[in-house]
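Structural features, examined
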Amino acid sequence: MQRLRAKLAPYFLILPGGLWLAIFFIIPTVTMLSFSLMTGNEADGYQLTWHFQNYTDALSTYWPQFLRSLEYGAAATILGIALSYPIAYWIAFKGGKRKSTYLFLVLLPFFVSFVLRTISWQFFLSDNGLLLSPLKSMGLVSQDFHILQTTVAVVLGLTYNYLPFIVLPLYVALERVDPRVVEASSDLYAGRIATFTKVIFPLSLPGVFAGVIMNFVPAASDYVNAEILGGPNNTMIGSIIQDQALHVRDYPTATALSTVLMGGLLVGIFLYARALGTEDVLEAAAR
Amino acid sequence: MTDTLPAIELVGIVKSFTSHGEIVQAVKGVDMKIAEGEFFSMLGPSGCGKTTTMRMIAGFDEPTAGEVYLHGNNVTGVPPNKRDVNMVFQSYALFPHMSVFENIAFGLNRKGIAKDEVTRRVGEMLDIVDLGGREKRKPKELSGGQQQRVALARALVNKPRALLLDEPLAALDLKLRQAMQVELKRIQREVGITFVFVTHDQGEALTMSDRIAVMSNGVVEQLGTPREIYERPATKFVAGFIGTSNLLSGTVSEVIDGHAVIAYGPEERVLVAVQNGQVIAGSEVELTVRPEKMELSANAPHGTDCAVRGTVTEVVYLGTSTNYNVRTSSGADVVVFTQNATSADDLAVRGDSIWLSWEPRHSYAIGAPS
């Protein structure tokens, strides 16, 4: 009896974690995968018929949206890195005692609903909104110039919404740069620029790697920004999935699209980690 | 350029910081001249201002007042990358993303030195610090001692006017530290560069240095050769900080022939050399005697001018030597080290009444006489 209990103890110990994983990860994933291979409709119910055509149909219909999502995600990530690096750098090296205040300010927009924040950008970017009406009245842009319902609006929205996801890992990486290493660089005849390019930037790369993943994945699968800020030509794959699942109620197509998106992103991350050296990315993710 | 110019000269260096709204003076007027090719140590407890002083030589901190000269050139206000000194950091501060080779080549590359010369000089340096064959390793793949040598090579390869070392051995274990002390001394002789060494370890400073500046509370307490500092501590602080010192005090009964005589009792008296006219009968003096200069005997010694009575309070047998704690008749607690050259039967035991004696040239008056 004692022996048995000792043998079973480890299994009891992993039970809470195991249950958590089963309920929130394994069951939903398996459900999603099985739905993607079903046929039928909402009224008659769905049968698992191993209908792999769901995938080929979905891909051949929606590949432009897939491609667009990857492009928008990439654009938002590049823009995001360019914007967050100075912010993170400034907080890490010049923040002084107020570092936590500044980080809190970076996170502050998260206290407002994601959708509301995006809608406020709609107002901001609209044809007679805060940004364009002064420019138009000054004659700097033509009267029929507009940003809303263009690619620019969607990419700007994506960049804005996911900015903190890059700022935070970048900040952590920069904060960890030993100030004595920076001093050593200047002691060894490096000026400010050389110290940045040869020492600080290379040491912050793990943060850049982590930021790219944390930004690109949600940005590429976003379904809000394209809906609110984009036009009919800016539809991203997230919106299609949402539409198929909630409005058309074609669950097999929706889940097939989701699976492709998930698989594609996973393969992408894997290749990315491989290319950069797994250790660096895992190290960055572990921070 | 003449050779008489000091490698480093500090003139009236003051450094104050603001901490919690209060101004704190970390360095309070330091003047020193460090000669070309010298192994110079700044020794003191933490917070004495030695590291701050070194950082001002390197250019990481600027003095609040005073000037820094390198080979006669005033470099006050010149950024560190434009000063011809290099530093070895306490934590080594190696570039973690670069190989050993890239770390060592960093300074040469910044100076725009031709590639094959960089390769040659780095190779030479790797030989000097005994790291040949490890140039492709990353710093984290090296042991503490090896990292230390990379840090040294990275600084020395630039052939700086002076090398600044900030407690470079503090992170090493005792055995490695002792080996590195010898190694550092060898390297310094080999390259002939001025070394400025900051340490809180008096043993380290005594073994390695040509000259030592003992610092405390932002001022230089004494500057001299290891022998001078050990044998003739100028202040109470130096006497206490370097080695073990016995402190005696008393009232001068008379001054004869440049020596103040302190009489404690019948046959108990101590002589100490004083400057003429500075000490008169009746004034209080403090003096130090090193523990190994004192001799312990059961009976009143003959023919010595310094002798006091005491009671043994503790005996610590250490194999080659024995340490005795003795309370003198005047109430001072002193320590005596004796070599165990003769038979162990001669050892005094706790509670014994004994005599302590030494030669007058081994007692030093310290501080300003009152």
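To keep things clear, this report deals only with the structure shown in the data block. Here the structure is a predicted model, which is why all the values come from computation and not from measurement. (Residues numbered from 1 in each chain as written. Chains lettered and ligands numbered in written order. Predicted model: local features only at pLDDT ≥ 70, side-chain atom pairs only at ≥ 80, totals over all residues. Heavy atoms only, no water.)

With respect to the packing of aromatic side chains
Residues and elements named next belong to chain B. Counted by the stated rule, this structure contains 22 aromatic pairs over all chains. Here Arg 154 stacks its cationic end above the ring of Phe 95, 4.8 Å away from the centre of that ring. Above the plane of the ring of Tyr 230 lies Arg 290, whose end atom (NZ or CZ) is 4.0 Å from the centre. (Phe/Tyr/Trp six-rings, centres within 6.5 Å; stacked < 30°, edge-to-face > 60°. Lys NZ or Arg CZ within 6 Å of the ring centre and 35° of its normal.)

Some remarks on the interface of chain B and chain A
On the chain A side, the residues contacting the 24 residues of chain B number 19 residues. In this assembly, chain B packs against chain A so that about 1,800 Å² is buried in total across both faces, 62% of it on carbon and sulfur atoms. Where chain B meets chain A, there are 1 salt bridge. The interface formed by chain B and chain A holds 7 residue pairs in polar contact (both at pLDDT 80 or more) in total. (Contact = heavy atoms within 4.5 Å. Buried area = accessible area lost by both parts, 1.4 Å probe. Salt bridge = Lys/Arg side-chain N within 4 Å of Asp/Glu carboxyl O. Polar contact = N/O pair within 3.5 Å; in protein donor to acceptor, adjacent residues only side chain to side chain.)

Overview of the sheet that holds strand E6 (residues 85-88) of chain B
Residue and element names in this part refer to chain B. Spatially, E6-E7-E8-E3-E9-E10 is the arrangement adopted by the 6 strands of the open sheet, whose pairing is mixed. Each edge of the open sheet is held by one strand with a lone partner, namely E6 and strand E10 (219-224). When strand polarity is set aside, the average angle formed by the axes of neighbouring strands in this sheet is 20 degrees. Contacting strand E3 (39-43), strand E7 (162-166) and strand E8 (194-199), helix H5 (residues 174-191) runs over the sheet at an angle of about 155 degrees to E8. (Pairing = 2+ DSSP bridges. Helix = DSSP H or I, 4+ residues; strand = E, 2+ residues; numbered from the N terminus. Axes fitted to C-alpha atoms, helices over the stretch in contact; angles between N-to-C directions.)

Focus: the sheet that holds strand E2 (residues 22-34) of chain B
Residues and elements named next belong to chain B. Strands sit in the order E2-E1-E4-E5 across an open sheet of 4 strands; the sheet is antiparallel. For this open sheet the edge positions go to E2 and strand E5 (73-74), each flanked by a neighbour on one side alone. Sheet analysis places strand E1 (residues 8-19) next to E2, joined by 10 bridges and oriented antiparallel. From the neighbouring strand, Leu 10 faces E2, where its bridge partner is Met 32.

Some words on the packing of helix H2 (residues 100-110) of chain B against helix H4 (residues 144-156) of chain B
All names here are of chain B. Taken N-terminus to C-terminus, the directions of H2 and H4 make an angle of 30 degrees; their axes are 7 Å apart at the nearest point. Classified by the angle between their axes, H2 and H4 sit roughly parallel to one another. With respect to the hand of their crossing, H2 and H4 are arranged in right-handed fashion. Contacts between H2 and H4 pair Val 100, Asn 103 and Ile 104 from the former with Val 150, Ala 153 and Arg 154 from the latter. The residue makeup of the contact of H2 with H4, split by class, is 4 nonpolar, 1 polar and 1 charged. (Parallel < 35°, antiparallel > 145°, perpendicular 65-115°, else oblique. Left-handed = near helix turned anticlockwise from the far one by under 90°. Nonpolar A, V, L, I, M, F, W, Y, C, P; charged D, E, K, R; others polar.)

Comments concerning helix H10 (residues 237-248) of chain A
Residues and elements named next belong to chain A. Along H10, the residues that are buried comprise Ile 237, Gly 238, Ser 239, Ile 240, Ile 241, Gln 244 and Ala 245. Buried positions along H10 lie against helix H2 (53-94), helix H8 (192-220), helix H9 (225-229) and helix H11 (251-276). A positive phi of about 60 degrees marks Arg 249, the residue just after H10. (Buried < 20%, exposed > 50% of the residue type's maximum accessible area, 1.4 Å probe, protein only.)

Here we look at the environment of A:Ile166
All names here are of chain A. Within the secondary structure, Ile 166 is located in helix H6 (residues 151-175). Residue classification places Ile 166 among the buried residues on the basis of a relative accessible area of 0%. Linking Ile 166 and Val 112, residues 54 residues apart in sequence, is a C-alpha distance of 19 Å. For Ile 166, the residues in contact, after removing those within four places along its chain, are Thr 77, Gly 80, Ile 81, Ser 84, Gly 211 and Asn 215.

Side note on the pairing of E8(B)
All names here are of chain B. The buried fraction of E8 is high, at 6 of 6 residues. Residue alternation in E8 divides its side chains into two sets, Thr 194, Val 196 and Val 198 and Phe 195, Phe 197 and Thr 199, and both sets are buried. Pairing of E3 with E8 involves 5 bridges; the strand directions are parallel. Note that in E8 the partner of Phe 40 across the bridge is Val 196. The pairing of E7 with E8 spans 5 bridges and is parallel. If you follow Leu 163 over to E8, its bridge partner there is Phe 195.

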